[in-house]
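Now for the letters of each chain:
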Amino acid sequence: NMVAEFAGCKYGVATSNGTAALQIALQLAGVRRNDYVIVPNVTFIASINSIKYTGADPILIDVDTATWQMDLDLLEDFLKNETTEKEGELVYNKDGRAIRCIMPVHVLGNVCDMDRLVKLADQYKLKIVEDSTESLGSYYKGKHTGGFGLMGCFSFNGNKIITTGGGGVIVTNDEE
């Protein structure tokens, strides 16, 4: 609860580690086997592992070299030209599989243009699960990471800002 409060969210749920937090958050966001999750190509393997543990697959979007964050121009181009809405779901034209989430990864505390990312997610009916595992203490326009999407996930592994030797937490404003 202290982490949720610090991140400006109403609720916090402890997990065994950051990877588990990401996997659980994806499952709660409705990611199912054979779905896709959009993620930047510069990340830690835990982001990809959490997607694979749900039975889904990542779609990697290159990063902006200035920020190390997902290149939102490339993301927008991908969404406009390589996806279609069918029966209320966004599907990848290549194989017709559903895309359910975007997972921004705030690598080394860097944060992308979250206003634009949220707008794109809303436009294409995608949920955002933030990989905030490396961004405790990072803000975008005065708002802490982890609170922009449906859920945000933090880690307390030995290489993080605050460490407990392990552990993670999901933060959200969604009581359900």
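The preceding data block contains the structure.
Regarding its fold elements, the protein presents five helices and 13 strands. Its C-alpha radius of gyration of 15 Å places the protein within 12% of the 16 Å reference for a compact globule of 176 residues. Dimensions of the protein, computed from C-alpha atoms along their principal axes, come out at roughly 45 × 35 × 30 Å. Per-residue burial for the protein yields a buried fraction of 50% across its 176 residues. Relative to all contacts within the protein whose residues are 6 or more apart in sequence, the contacts with residues 24 or more apart total 57%. Total accessible area on the protein stands at roughly 8,700 Å², and carbon and sulfur atoms take up 49% of it. For the protein, the centre of its 16 positive side-chain charges and the centre of its 23 negative side-chain charges are spaced 4 Å apart.

To continue, consider the layout of surface pockets. In this structure, the largest pocket occupies an estimated 290 Å³ of space. Along its surface, the largest pocket is lined by Y11, G12, V13, I24, L28, L150, M151, I170, T172, D174, E175 and E176. For the lining of the largest pocket, the secondary structure elements donating two or more residues are strand 1 (11–15), helix 2 (18–28) and strand 13 (168–172). With three residues, strand 1 is the largest single contributor of residues to the lining of the largest pocket.

The biggest cluster of nonpolar side chains holds 24 residues, and the ones touching the most others in it are I38, L75, L79, I99 and L126. Of all the secondary structure elements, the ones that give two or more residues to this core are strand 2 (36–40), strand 3 (57–61), helix 4 (72–82), strand 7 (89–92), strand 8 (98–102) and helix 5 (114–123). In this structure, V31, V37, V129 and I170 belong to the second largest nonpolar core, which totals 19 residues.

Attention now moves to the environment of P58. Mapped onto the elements, P58 comes out in strand 3. Residue P58 is classed as partly exposed on the basis of its relative accessible area of 23%. Separated by 41 residues in the primary sequence, P58 and I99 place their C-alpha atoms 9.4 Å from one another.

Our next topic: empty space enclosed by the protein. Considering all chains together, one arrives at one cavity of 30 Å³ or more under this definition. Quantified by volume, the largest cavity comes out at close to 30 Å³. As for the largest cavity, its lining consists of T133, E134, S135, L136, S155, K160, I161 and I162. Here the residues of the lining of the largest cavity are counted per class, giving three nonpolar, three polar and two charged.

With that out of the way, let us pick up a nonpolar patch on the surface. A surface patch of nonpolar side chains, amounting to about 290 Å² of accessible area, comprises V42, W68 and L108. Inspection of the secondary structure assignment puts L108 in the loop between strand 8 and helix 5. By relative accessible area, which is 58% here, L108 ends up exposed.

The tally for this structure, following the rule as stated, stands at three aromatic pairs. With a centroid separation of 5.4 Å and an interplanar angle of 80 degrees, the aromatic rings of Y36 and Y92 are classed as edge-to-face. Of this pair, Y36 sits in strand 2 while Y92 sits in strand 7, placing them 56 residues apart in sequence. Classification of Y92 by relative accessible area gives buried; the value is 12%.

Viewed as axis vectors pointing N to C, helix 2 and helix 3 (residues 45–53) meet at an angle of 40 degrees, and their least axial separation amounts to 8 Å. Comparing their axes, helix 3 and helix 2 come out oblique. As helix 2 packs across helix 3, the resulting crossing turns out to be right-handed. Between helix 2 and helix 3, the residues in contact are T19, L22, Q23 and L26 and A46, S47, N49, S50, I51 and Y53, respectively. Split into classes, the residues belonging to the contact of helix 2 with helix 3 amount to five nonpolar, five polar and no charged.

What counts, and at which threshold
- Residues numbered from 1 in each chain as written.
- Predicted model: local features only at pLDDT ≥ 70, side-chain atom pairs only at ≥ 80, totals over all residues.
- Heavy atoms only, no water.
- Helix = DSSP H or I, 4+ residues; strand = E, 2+ residues; numbered from the N terminus.
- Rg over C-alpha atoms; globule rule 2.2 N^0.38 Å.
- Buried < 20%, exposed > 50% of the residue type's maximum accessible area, 1.4 Å probe, protein only.
- Contact = heavy atoms within 4.5 Å.
- Areas by Shrake-Rupley, 256 points an atom, 1.4 Å probe, with all protein chains shown as cover.
- Lys, Arg positive; Asp, Glu negative; His and termini not counted.
- Charge placed at Lys NZ, Arg CZ, Asp CG, Glu CD.
- 1 Å grid on protein atoms, 1.4 Å probe; cavity = no way out; pocket = protein on both sides within 12 Å on 5 of 7 lines; lining within 4 Å.
- Points joined across faces, edges and corners; volume = space filled by probe spheres on them.
- Core = buried A, V, L, I, M, F, W, Y, C linked by side-chain atoms within 4.5 Å.
- Nonpolar A, V, L, I, M, F, W, Y, C, P; charged D, E, K, R; others polar.
- Patch = residues over 30% accessible without salt bridge, like charges linked within 9 Å, V, L, I, M, F, W, Y side chains within 5 Å.
- Salt bridge = Lys/Arg side-chain N within 4 Å of Asp/Glu carboxyl O.
- Phe/Tyr/Trp six-rings, centres within 6.5 Å; stacked < 30°, edge-to-face > 60°.
- Axes fitted to C-alpha atoms, helices over the stretch in contact; angles between N-to-C directions.
- Parallel < 35°, antiparallel > 145°, perpendicular 65-115°, else oblique.
- Left-handed = near helix turned anticlockwise from the far one by under 90°.

What is shown is where atoms sit, not what they do.
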